[in-house]
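# Coordinates in review
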Amino acid sequence: MAEEQTTNEYGYRSFAVGGFKFARDEYFAHIAWPGGTHTMPADAFLRALMRDISWSFFYGVVNFDQVFGTTNHYGDVDVFAGLYNAGYCAQNKQHCENFKTEEVRPVFEAMLDDWTNEDFDPFAAPEETGNPFGPKRGNNRAAINRKRLVANRMTGMKADIPLRSDAAGNAVNRQFADVPQDQPEIHAEPGFEDEVHAFNFFAYVSRSDVTWNPSVCSAVKDSQVCATTEEFILPIIHGNDRVEWFVQLSDEIHWDIQDRDTGAPRARVVMKAGDVAAMPADIRHQGYSPKRSMLLVWENNDATLPELYANKKLKPNPVDF
Amino acid sequence: MMRRGTRFGSLENYEKGGVQVIDDDPRNYAFSNIFEVASRAEPYEKVAVGKNLKYVLEAVRAEGSSPWYSASHDEAAIVMDGEVEIRLVKLKQELVAEDHEGTTMLEGNPQGVKMGYIVARRGHMALLPKGAAYQFHAARPAVILLQTIQGDLTVQKWKEICEK
């Protein structure tokens, strides 16, 4: 059961769900569970927590670091410590509790709300945000309550996700100031104005004010083209429960690839503009983007896939050759 | 100090990264580069560079006029390099069965009503709507990344395009 505790000397509330207890001080988030404790820097914890909540626990495993994280079962969620850490598991020190999504989500949301100070935006690149540390100073609800953007057919279509513009408050990011903002020429015959549709996808992405946060821009049945801007480090280590693909649209990202279950290193993948790579269903990955870059994340949203991969009815690699 | 500018790739100028194996098979990542694939492809050859079960991302070298195509579902085209004109016709009658997925090539010119056309350049995304016929035209070689479903025209040559 979820419960809340009193405010500590730094002004932060403590939280609990099941056997997990969460507290923060000026620099760190402290996690405790029956049989163990763990400490993370507050900024890294909040950046990971932000993505976990924003994506409603996302696809598969959201490792906040090598110890703590969540696994989405789409209706219920595992909260774990050491479950995907070979050292913990070898000594049987892992701990995992399962919760209904509606039970754990409000606790995580309240924790993010309370622990995020007024000048810190967990979605922003480090160079674009303020100080996450110190005693509690207000909140930043505008930053942490952004809505995830999911296009039904294509961004910019009537009754779909709107385009970004200066007028709508979506300035071109400082690192994409040189990205052309021209729009395609659309010559629609009368009556077809809503179906003859195109937009400047790169310009749209250049106006994103968040990092490592994919938004769906076009859908073909369960095939979702998601766009995201990446800068600095992916704040989670994402463990796949299905195959996903990356298309590097601009600049470059370096990916560390590990075994999903043990964390053992498997590969590094360096992607430059135009490169395409699969992320197999049995890995975890974390990316490093030295300059803000544009990444197309291509997902298969078929809800039956996690079970098919878990039961080995599908191979973890997407193609054989 | 000036910041480094944004780097996009093109047919004429691209750099390729790669897979550095620690304990793995590089083929698991099916690593390729859209511009390299398009530079070696025939015009309008639809080469799969991504495959997620039945769904594909295809790299297409646009050069001259393509045949006319249609599909029983939406498709999306991202112009990755150059300029592409996309001509659209609302078909008088559906020519592709509802359960037939992927791009279908039409014979000759489609019968229907002109919907209009789009001129798209690098970075632009265009809808190829369900129930429409479409044709690409590029005066100079261009590159399209097509979001669609594996179909009769999808070319799979992973061994040729991917890092091994």
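It should be noted that the structure appears before, not after, this text.
Residues numbered from 1 in each chain as written. Chains lettered and ligands numbered in written order. Predicted model: local features only at pLDDT ≥ 70, side-chain atom pairs only at ≥ 80, totals over all residues.

### Observations regarding the packing of helix 1 (residues 42-54) of chain A against helix 3 (residues 101-115) of chain A
Residues and elements named next belong to chain A. Taken N-terminus to C-terminus, the directions of helix 1 and helix 3 make an angle of 135 degrees; their axes are 10 Å apart at the nearest point. On the basis of the axis angle, helix 1 is oblique to helix 3. At the point where helix 1 passes helix 3, the crossing takes the left-handed sense. Contacts from A42, L46, L49, M50, D52 and I53 of helix 1 reach helix 3 at R105, F108, E109, M111, L112 and W115. Residues belonging to the contact of helix 1 with helix 3 are distributed by class as follows: nine nonpolar, no polar and three charged. (Axes fitted to C-alpha atoms, helices over the stretch in contact; angles between N-to-C directions. Helix = DSSP H or I, 4+ residues; strand = E, 2+ residues; numbered from the N terminus. Parallel < 35°, antiparallel > 145°, perpendicular 65-115°, else oblique. Left-handed = near helix turned anticlockwise from the far one by under 90°. Contact = placed C-beta atoms within 7 Å. Nonpolar A, V, L, I, M, F, W, Y, C, P; charged D, E, K, R; others polar.)

### Some points on the interface of chain A and chain B
Listed by partner, the interface residues are 59 residues for chain A and 62 residues for chain B. With eight residues, strand 17 (residues 265-272) of chain A is the single largest residue contributor to the side of chain A that touches chain B. When the residues that make up the side of chain A that touches chain B are grouped by side-chain class, the tally is 35 nonpolar, 10 polar and 14 charged. Strand direction decides the pairing type here: strand 17 of chain A and strand 1 (residues 18-21) of chain B, joined by four bridges, are antiparallel. Following the sheet pairing, V270 of chain A is matched in strand 1 of chain B by G18 of chain B. (Pairing = 2+ DSSP bridges.)

### Topic: helix 3 of chain A
Residue and element names in this part refer to chain A. The terminal C-alpha atoms of helix 3 lie 21 Å apart, and with 15 residues this matches the ideal 21 Å at 1.5 Å per residue to within 8%. When we look at burial in helix 3, the residues that qualify are V104, V107, F108, M111, L112 and W115. Summarising the axial view, the buried residues of helix 3 lie within an arc of 135 degrees, below the 170-degree limit, and thus occupy one face. For helix 3, the exposed residues set more than 90 degrees away from the buried face come down to E102 and P106. (Expected span 1.5 Å × (residues − 1). Buried ≥ 20, exposed ≤ 12 C-beta atoms within 10 Å, placed from the backbone. Arc of directions from axis to C-beta.)

### What about the pairing of strand 7 (residues 68-72) of chain A?
Residues and elements named next belong to chain A. With respect to burial, strand 7 is a largely interior element, five of its five residues being buried. Note that strand 6 (residues 61-63) and strand 7 share three bridges and pair antiparallel. Looking at strand 7, one finds that V62 is bridged to T70. Pairing of strand 7 with strand 8 (residues 76-81) involves five bridges; the strand directions are antiparallel. Across the sheet, residue N72 finds its bridge partner in strand 8, namely V77. With antiparallel pairing between neighbouring strands as the criterion, strand 7 and strand 8 make up a hairpin whose turn holds three residues, including Y74 at a positive phi of roughly 60 degrees.

### Quick notes on unusual backbone geometry
One non-glycine residue, S56 of chain A, adopts positive backbone phi at about 50 degrees. On the secondary structure map, S56 of chain A appears in the loop between helix 1 and strand 6. Among the residues examined, S56 of chain A registers 12 C-beta atoms within 10 Å and is labelled exposed. A positive phi angle, near 65 degrees, is found at Y44 of chain B, a position not held by glycine. By secondary structure assignment, the location of Y44 of chain B is in the loop between helix 1 (34-39) and strand 3 (46-52).

### So, the nonpolar core
As a rule of thumb, nonpolar side chains are buried together in soluble globular proteins. Among the nonpolar cores identified, the biggest contains 95 residues, and I34, I86 and I144 of chain B are the most heavily contacted of them. For this core, the element with the most residues is strand 11 (residues 132-149) of chain B, which contributes 11 residues. Those residues in contact with I34 of chain B that lie beyond four places of it in its chain are G274 and V276 of chain A together with V49, A59, M80, V143 and L145 of chain B. Counting residues in each nonpolar core, the second largest holds 39 residues, with F15, I31, W33 and M50 of chain A among its members. (Core = buried A, V, L, I, M, F, W, Y, C linked by C-beta atoms within 7 Å.)

### Let's talk about the environment of T101 of chain A
All names here are of chain A. Among the structural elements, T101 can be located in helix 3. Classification of T101 by C-beta neighbours within 10 Å gives partly exposed; the count is 15. Along the backbone, T101 and E307 are 206 residues apart, and their C-alpha atoms lie at a distance of 18 Å. The residues touching T101, leaving out its near neighbours within four places in the chain, are F57, G75, D76 and V77.

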